[in-house]
Amino acid sequence: THKQKKMRKSIYTLAITGLIAGSMLTACQTPAKKDDAAVSTVQNLKEQKNEAIKENQEAASAAEWKAFRDESEIKIADNETRITGLRGKMQKPGKMLDPMYKSRIDALEARNKNLRDRMDAYEKNQSDWEAFKREYNHDMDGLGKALKDFTVDNKD
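Residues numbered from 1 in each chain as written. Predicted model: local features only at pLDDT ≥ 70, side-chain atom pairs only at ≥ 80, totals over all residues. Heavy atoms only, no water.

Caption draft 1: The arrangement of the pattern of salt bridges in detail. Under the counting rule described, the total for this entry stands at 15 salt bridges. Its salt-bridge partner being lysine 75, residue glutamate 71 comes within 3.3 Å of it at the nearest N-O pair. With glutamate 71 and lysine 75 both in helix α2 (residues 31-90), this residue pair falls 4 residues apart, about one helical turn. Taking relative accessible area as the criterion, glutamate 71 reaches 45% and is therefore assigned partly exposed. (Salt bridge = Lys/Arg side-chain N within 4 Å of Asp/Glu carboxyl O. Helix = DSSP H or I, 4+ residues; strand = E, 2+ residues; numbered from the N terminus. Buried < 20%, exposed > 50% of the residue type's maximum accessible area, 1.4 Å probe, protein only.)

Caption draft 2: Broad picture of the packing of aromatic side chains. Per the stated rule, a full pass over the model turns up 11 aromatic pairs. Between tryptophan 65 and tyrosine 122, the ring centres sit 5.1 Å apart and the planes meet at 50 degrees, which makes this aromatic pair tilted. With tryptophan 65 in helix α2 and tyrosine 122 in helix α3 (residues 99-124), this pair connects stretches of sequence that are 57 residues apart. An identical accessibility class is assigned to tryptophan 65 and tyrosine 122; each is buried. With 5.5 Å between their ring centres and 65 degrees between their planes, phenylalanine 68 and tyrosine 136 make a pair best called edge-to-face. Here phenylalanine 68 is found in helix α2, whereas its partner tyrosine 136 is found in helix α4 (residues 129-153), with 68 residues between them in sequence. Taken individually, phenylalanine 68 and tyrosine 136 each receive the classification buried, so the pair is uniform in this respect. (Phe/Tyr/Trp six-rings, centres within 6.5 Å; stacked < 30°, edge-to-face > 60°.)

Here it is, written out as structure tokens:
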């Protein structure tokens, strides 16, 4: 993204500026002092680079988290609508209430609620983002497939 390119450019500019400043400072010193100053300059530049990279990653994570959460909320709401529709079909006159049908709907509803709870828990206690995203998407896709299969199995 543009922000990342700008961040990289500023890191490189900072590194080059540091090297030039370090070179100028060490030009008038004894060889031992030059080595110490060069090591110190390189170490400072590495720390600054790492801090800049970390800040850039955190900002990207926050934006990615918001987009992921918004998309997931839409999917969860869609699942709730589909589950409500399935419950409505159970109540139609002339249909016999099938306990297996009801328990399957209850299980789908519990899985959907679990996804919402996991989303809330992650927001409060963020951990390994990539692992969370991979597992969450896998479970969300599984629930979507289960809902789709359920409606295919129970067509009027």
